[in-house]
Amino acid sequence: MSFLPYGKQYVHAEDIEAVVAVLQSDRLTSGPVVTQFEKAVAAYVGARNAVAVANGTAALHAAMHALRIGPGDEVIVPPMTFAATANCVVFQGGTPVFADVEPSTLLLDPERVEERISSRTKAIVAVDYAGQPCDYEALRTIADRHGIALVADACHSLGATYRGEKVGTLADLNVFSFHAVKHITTGEGGMVTTHDDTYAKRMRLFRNHGITADFQQREKGSSWYYEIIEMGYNYRLTDFQCALGMSQLRKLDDWLAKRRRIASLYDEQLAHRDIAQPLETHADALHAYHIYVVRLAGDNGTVDRTSVFAALRQDGIGVNVHYIPVHLHPFYRRMFGTGPGLCPVAEEAYERILTLPIFVTMTEVDVHKVFATLAAAVESCIVGRM
Ligand SMILES: *Cc1c(COP(=O)(O)O)cnc(C)c1O
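Reading the values: the criteria
- Residues numbered from 1 in each chain as written.
- Predicted model: local features only at pLDDT ≥ 70, side-chain atom pairs only at ≥ 80, totals over all residues.
- Heavy atoms only, no water.
- Buried < 20%, exposed > 50% of the residue type's maximum accessible area, 1.4 Å probe, protein only.
- Helix = DSSP H or I, 4+ residues; strand = E, 2+ residues; numbered from the N terminus.
- Pairing = 2+ DSSP bridges.
- Core = buried A, V, L, I, M, F, W, Y, C linked by side-chain atoms within 4.5 Å.
- Domains from an automatic or database assignment.
- Contact = heavy atoms within 4.5 Å.
- Buried area = accessible area lost by both parts, 1.4 Å probe.
- Salt bridge = Lys/Arg side-chain N within 4 Å of Asp/Glu carboxyl O.
- Polar contact = N/O pair within 3.5 Å; in protein donor to acceptor, adjacent residues only side chain to side chain.
- Phe/Tyr/Trp six-rings, centres within 6.5 Å; stacked < 30°, edge-to-face > 60°.

Caption draft 1: How the structure looks around the pairing of strand S4 (residues 121–127). The buried fraction of S4 amounts to six of the seven residues, a majority that puts the element mostly inside the structure. Sheet topology places S4 next to strand S5 (residues 149–153); five bridges connect them, and they run parallel. Bridging across to S5, Ala-123 finds its partner in Ala-149.

Caption draft 2: Spotlight on the nonpolar core. By size, the foremost hydrophobic cluster in this structure holds 132 residues, and its most contacted members are Met-80, Tyr-129, Val-308, Leu-354 and Leu-374. Per-domain counts for this core show at least three residues from each of domain 1 (4–249) and domain 2 (252–383).

Caption draft 3: The domain arrangement of the protein, seen in detail. If you check the domain split of the protein, you get domain 1 (4–249) and domain 2 (252–383). Here the C-alpha centre of domain 2 lies 26 Å away from the C-alpha centre of domain 1. With 48 residues of domain 1 in contact, the opposing surface of domain 2 contributes 51 residues. A per-residue breakdown of the area domain 1 buries against domain 2 is headed by Leu-4, Tyr-6 and His-183, which together make up 20% of the total. Put simply, domain 1 and domain 2 have one salt bridge between them. A salt bridge links Arg-163 to Asp-284; the nearest nitrogen and oxygen atoms lie 2.9 Å apart. Where domain 1 meets domain 2, there are 25 residue pairs in polar contact (both at pLDDT 80 or more). Sorting the residues of the side of domain 1 that touches domain 2 by element identifies helix H4 (84–91), strand S3 (95–98), strand S6 (161–162) and helix H9 (239–249) as the ones contributing at least two each.

Caption draft 4: The arrangement of the packing of aromatic side chains in detail. Across all of its chains, the model carries 14 aromatic pairs by this definition. Taking the centre distance of 6.3 Å and the plane angle of 65° together, the rings of Tyr-129 and Tyr-323 count as edge-to-face. Note that Tyr-129 is positioned in the loop between S4 and helix H6 (136–146) and Tyr-323 in the loop between helix H11 (305–314) and helix H12 (330–336), a separation of 194 residues in sequence. Residue Tyr-129 shares its accessibility class with Tyr-323, and that shared class is buried. Seen from their ring centres, Phe-331 and Phe-336 are 6.5 Å apart, and the 80° between their planes marks the pair as edge-to-face. On the basis of relative accessible area, Phe-331 is assigned to the partly exposed category, the value being 32%. Overall, the relative accessible area of 25% leaves Phe-336 in the partly exposed class.

Laid out in structure tokens, this is it:
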């Protein structure tokens, strides 16, 4: 039986040709294709700078480094995200402070952010959960009022817009991932876009050991000399990965349209049957649908998510759960004393959410199959019907 994963990449023959061409060239890494890909992503989102790094987690780390986050600093993050959003603060010795999400969208709630701000707060990291941009106007107002930075973890939202503006320009630093499951892929890969030249410069140093002149510049000057002027890492992305990224980026708008079409099919079907509710979407945002998330249980009973999950997996539907709230992970409980009750909206949502398959090559027949299987699973898993 075929298995429908919750998400997967689409690599076409021309993508492979583009990668092979670079593999046959003289330069495999830190060459011209990295720069081309950075320019292409910067142009796509409308940002002044784009800095390519090894993965989305490294991109978040680079953003925290650019902001000079360090011990004693607090950074506000939502709990409904992949752990890397909070881990990047810990990498720098800072303290992640969790602010709850809005119940209807599971996006960072500006009111909860305001409550968590202290004299030590240095930044807010907003996560465009599922692919829908956060309320950047409200978040910007708060950030400006307190003189702190706004970062977008836009790993879900490449190609989304907020009030007509593309994600990638809405925060001071905007972070993308090109992991295989994201909108476009380089296998592993990440990027930070920013209008700020100082941040961009810091991140270019950071991804290459804090070395002043990169290899190309040294080659031009035919000199062996370089200096380590800051602590840095090897967070470089390769040229052949960027060749894949370039080729994928050309298809992004097409793929976004496909994702939106699948989401609207799900929306339509869910509207007719009381088995699960999609998350709400804002009229002033254009969703990128990295994932399609529903909340189980209508008014007619409590649906046991674990059973529904198991039933769907049994039938070859690769449902998933995004995410276990980060503050509930043992590491966070131990290190930062977090735990249940800290973010009740995220905790309640976590018990009921389910991610349904959505990917570019998914057909309408696949969507109907997922919906029918979900409906049957929910019917058989309703407990305590009133
Ligand atoms: C994928 C993802 C990341 C991390 O990206 P990697 O490329 O896997 O390191 C960070 N935050 C969110 C919200 C993500 O979805």
